[in-house]
Amino acid sequence: MSVNDDQTWAAKAACASEPPDALFVRGAAQREARTRCFRCEVRMQCLADALESGAVFGVWGGLTERERRALMRQYPHIEDWSEWLRSDDPAAVDIREPGAPRIITRAKRTEVPVR
Ligand code: SF4
């Protein structure tokens, strides 16, 4: 069963009581939204769901849309993001840590175009 099939984790979302547009923000508000994600107990499920569904806009699982795009370009072969997020890949380990991951920095280092 993929994370997309089982959405029961959503009931534990730290943003569950927020207005729906709270995650579709820019600039400083985006940093604020990310801070809430890093305290959220279902952050990895949320991020896997966003990556697997190709969510284009908003902050999901502590990653901005730009970071998720960079990640998907860096790892175009990944089919099971839930599994990859649990892996020992240095980027996955970095993402699991609380705080802003270095996805954009990694993407620039590996010369993956960041849009
Ligand atoms: S990780 Fe962020 S966007 Fe995802 S459920 Fe938690 S608070 Fe909401």
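Structure report, in brief. (Residues numbered from 1 in each chain as written. Predicted model: local features only at pLDDT ≥ 70, side-chain atom pairs only at ≥ 80, totals over all residues. Heavy atoms only, no water.)

**Digging into the site of the ligand**
Just so we agree on the cut-off: Here a residue is considered near a molecule or strand provided that any single heavy atom belonging to it is located within 4 Å of it. Gly counts as polar in this scheme, as do all residues outside two lists: the nonpolar Ala, Val, Leu, Ile, Met, Phe, Trp, Tyr, Cys and Pro, and the charged Asp, Glu, Lys and Arg.
Close contacts around the ligand come from Ala13, Ala14, Cys15, Leu23, Cys37, Cys40, Arg43, Cys46, Val59, Trp60 and Gly61, and that covers them all. Grouping the constituent residues of the shell around the ligand by class yields nine nonpolar, one polar and one charged.

**Examining the pattern of salt bridges**
What counts is decided by this rule: By definition here, a salt bridge exists when the distance from a side-chain nitrogen of Lys or Arg to a carboxyl oxygen of Asp or Glu is within 4 Å. Elements are defined by DSSP. Helices are runs of H or I of four residues or more, strands are runs of E of two residues or more, and each kind is numbered from the N terminus. For the exposure calls, accessible area comes from a 1.4 Å probe over protein chains only, and a residue counts as buried if that area is under 20% of its type's maximum, exposed if over 50%, partly exposed in between.
Summed over all chains, the structure comprises four salt bridges. Residues Arg26 and Glu65 are paired through a salt bridge, measuring 2.9 Å at the closest nitrogen-oxygen approach. Of this pair, Arg26 sits in the segment before helix 1 (27-37) while Glu65 sits in helix 3 (residues 65-74), and the two are 39 residues apart along the sequence. Taking the shortest distance from any N to any O, the salt bridge between Arg102 and Asp94 comes out at 3.4 Å. Taking the relative accessible area as the measure of exposure, Asp94 reaches 9% and is therefore buried.

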